[in-house]
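Here's the letter readout for the chains.
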Amino acid sequence: MVAIESAPVSAMQDTSSAELLSELNSKANRPSYWKWTAAGSVPALWFAFSTGPEWLALLSLAVLVVLTIYMSVRDTVAKTSVLFYDLDAANESAFEALHEAFQTLAGCRRAWRINAQAAVYDRKYHAGAGSVVNRKDAQFGKGLPPMVKSNLEVPYAKSGSTSIYYMPDRVLLYSPSGVGAISYKDLDVSGESRRFIEDGAVPGDAQVVGHTWRYVNKGGGPDRRFKNNRQLPIALYEELAFKSPSGLNELFQLSKHSVSARVRAEVQRMSSVLPA
């Protein structure tokens, strides 16, 4: 299997995003002091309940609960970034169109991220497929990045611990290692419909274009040497790739086909309305 993965997000930083990324990463790395307060409350309460009068122990409990809540709110405020957007007519129209394009992706019954793929050298053991993939569930939708407040919701793509947020001015990438950014001008979007031999359930919006067998003979029919050689559907899915010169390399599979062209067109439109 050959892994399909992006470079560390720390390498993805266009010059216009340096100040924003510094703020987002520094706030993300800020300690959560409420946890220290809560941890320190445990021995303090134990001591109060075991040695002091009951009224003092209950008072200590109330004070420490209030203090922990206060520290939690304080941490949330300190770790949150506020992004306010005032778009002109061209930017607003382009961003709305990008929303609509991603809504098409969000409307697919199933979405996956392809993590790795490999060539098949003996197709009869793989239902006649020329390659196999390793994939996991992905999600498209709209919302905001973690610990960010804004006056606009943005489209996103999520898979596992990695998330991509398509902001009005740039693309933000979140991973356990930090936050990165890519200019729309550097974002390359490509897609094409592919036939996929589905070993699981076929999503309701997928188009089945044929069938094959779990084990096939040279003529394409079932190999009678294998018991329980079940028939498998061939679905027409869409593969959608997001890449950049800085190392972004995300490949998604969607249960609907012919849905990537609009996303690519709207990303290019975003690139054209944003300043160089």
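Residues numbered from 1 in each chain as written. Predicted model: local features only at pLDDT ≥ 70, side-chain atom pairs only at ≥ 80, totals over all residues. Heavy atoms only, no water.

Go over the overall build of the protein chain, please, and point to the residues and values.
In terms of regular secondary structure, the protein chain is built from five helices and 14 strands. Taken over C-alpha atoms, the radius of gyration comes to 25 Å for the protein chain, far larger than the 19 Å a tight globule of 276 residues would show. Principal-axis analysis of the C-alpha atoms gives the protein chain an extent of 85 × 55 × 30 Å. Out of the 276 residues in the protein chain, the part that is buried amounts to 41%. A sequence separation of at least 24 residues applies to 64% of the contacts in the protein chain between residues at least 6 apart. A total of about 15200 Å² of accessible surface is found on the protein chain, and carbon and sulfur atoms cover 54% of it. Each charge sign in the protein chain was given a centre, from 30 positive and 26 negative side chains, and these centres are 10 Å apart. (Helix = DSSP H or I, 4+ residues; strand = E, 2+ residues; numbered from the N terminus. Rg over C-alpha atoms; globule rule 2.2 N^0.38 Å. Buried < 20%, exposed > 50% of the residue type's maximum accessible area, 1.4 Å probe, protein only. Contact = heavy atoms within 4.5 Å. Areas by Shrake-Rupley, 256 points an atom, 1.4 Å probe, with all protein chains shown as cover. Lys, Arg positive; Asp, Glu negative; His and termini not counted. Charge placed at Lys NZ, Arg CZ, Asp CG, Glu CD.)

Can you break down the sheet that holds strand E9 (residues 171–175) residue by residue, with the values?
Hydrogen bonds between backbone atoms are what pair the strands of a sheet, whose relative direction is either parallel or antiparallel. A sheet is described by the order of its strands in space; here five strands give the open sequence E5-E7-E8-E9-E10, paired in antiparallel fashion. The outermost strands of the open sheet, each flanked by one partner alone, are strand E5 (139–143) and strand E10 (178–182). Averaged over all adjacent pairs, the angle separating strand axes in this sheet is 25°, with direction ignored. In terms of strand pairing, strand E7 (residues 154–159) meets strand E8 (residues 162–166) through four bridges, oriented antiparallel. Its bridge partner being in E8, Ala157 is matched across the sheet by Ile164. Sitting on the sheet, helix H1 (residues 18–28) touches E9 and E10, and the angle it makes with E10 is about 160°. Along the sheet, helix H4 (residues 89–106) contacts E5, E7 and E8; its crossing angle with E7, the most-contacted strand, is approximately 35°. (Pairing = 2+ DSSP bridges. Axes fitted to C-alpha atoms, helices over the stretch in contact; angles between N-to-C directions.)

Can you break down the nonpolar core residue by residue, with the values?
By size, the foremost hydrophobic cluster in this structure holds 45 residues, and its most contacted members are Tyr166, Leu172, Tyr184, Leu187 and Phe242. Ignoring anything within four residues of it in the chain, the contact list for Tyr166 reads Phe95, Leu98, Phe102, Val154, Pro155, Tyr156, Ala157, Val171, Tyr184, Leu187 and Phe242. Of all hydrophobic cores here, the second largest spans five residues; its members include Trp112, Phe196, Ala206 and Tyr237. (Core = buried A, V, L, I, M, F, W, Y, C linked by side-chain atoms within 4.5 Å.)

How would you summarise the packing of aromatic side chains if you had to cite specific residues and measurements?
On inspection of all chains with the given rule, the structure shows twelve aromatic pairs. Three or more aromatic residues link up through ring pairs in this structure, and these residues are Phe102, Phe140, Tyr166, Phe242 and Phe252. The cationic tip of Lys158 hangs over the ring face of Tyr156; the distance from NZ or CZ to the ring centre is 4.4 Å. Looking at Arg214, its charged tip hangs above the ring of Tyr215, at a distance of 4.8 Å from the centre. (Phe/Tyr/Trp six-rings, centres within 6.5 Å; stacked < 30°, edge-to-face > 60°. Lys NZ or Arg CZ within 6 Å of the ring centre and 35° of its normal.)

Explain the environment of Asp14 residue by residue, including any values.
Relative to the elements of secondary structure, Asp14 occurs in the loop between strand E1 (2–3) and H1. The class of Asp14 is buried, set by a relative accessible area of 15%. In the structure, Asp14 is positioned 18 residues away from Ser32 in sequence and 29 Å away in space, judged by C-alpha atoms. Ignoring any residue separated from it by four or fewer positions in sequence, one finds Asp14 in contact with Ala181, Ile182 and Ser183.

Any chance you could break down the side chain of Lys79 for me, citing the residues and the numbers?
Looking at the secondary structure, you find Lys79 in helix H3 (residues 54–79). The buried charged residue Lys79 lacks any salt bridge partner; its closest oppositely charged side chain belongs to Asp75, at an N-O distance of 7.5 Å. At 2.8 Å, the side chain of Lys79 and the backbone oxygen of Arg30 are in polar contact. Once residues within four sequence positions are removed from consideration, Lys79 is found in contact with Lys27, Ala28, Arg30, Ser32 and Met147. (Salt bridge = Lys/Arg side-chain N within 4 Å of Asp/Glu carboxyl O. Polar contact = N/O pair within 3.5 Å; in protein donor to acceptor, adjacent residues only side chain to side chain.)

Just give me the short version of H3, but keep the residues and values in it.
For H3, which comprises 26 residues, the first-to-last C-alpha distance of 37 Å matches the rise-based estimate of 38 Å (1.5 Å per residue) to within 8%. All buried positions along H3 are accounted for by Ala57, Leu64, Thr68, Met71, Asp75 and Lys79. Next to the buried residues of H3 lie H1, helix H2 (33–51) and strand E2 (81–83). (Expected span 1.5 Å × (residues − 1).)

Pulling in residues and values, what's your account of the pattern of salt bridges?
The full count for this structure, using the stated rule, is eleven salt bridges. For Asp169, the salt bridge is made with Arg170, and the minimal N-O distance between the two is 2.7 Å. Accessibility expressed as a relative area gives 10% for Arg170, which makes it buried. The salt bridge partner of Glu192 is Arg194, with a shortest N-O separation of 2.9 Å. Overall, the relative accessible area of 38% leaves Arg194 in the partly exposed class.

Describe in detail the packing of H2 against H3, supporting the description with residues and values.
Where H2 meets H3, the axes come as close as 9 Å, and the angle between the chain directions of the two elements is 175°. By the angle between their directions, the pair H2 and H3 is classed as roughly antiparallel. Contact residues: H2 offers Tyr33, Trp34, Thr37, Ala38, Ser41, Ala44, Leu45, Ala48 and Phe49, while H3 offers Ala57, Leu58, Ser60, Leu61, Leu64, Leu67, Thr68, Met71, Ser72 and Asp75. Here the residues of the contact of H2 with H3 are counted per class, giving 13 nonpolar, five polar and one charged. (Parallel < 35°, antiparallel > 145°, perpendicular 65-115°, else oblique. Nonpolar A, V, L, I, M, F, W, Y, C, P; charged D, E, K, R; others polar.)

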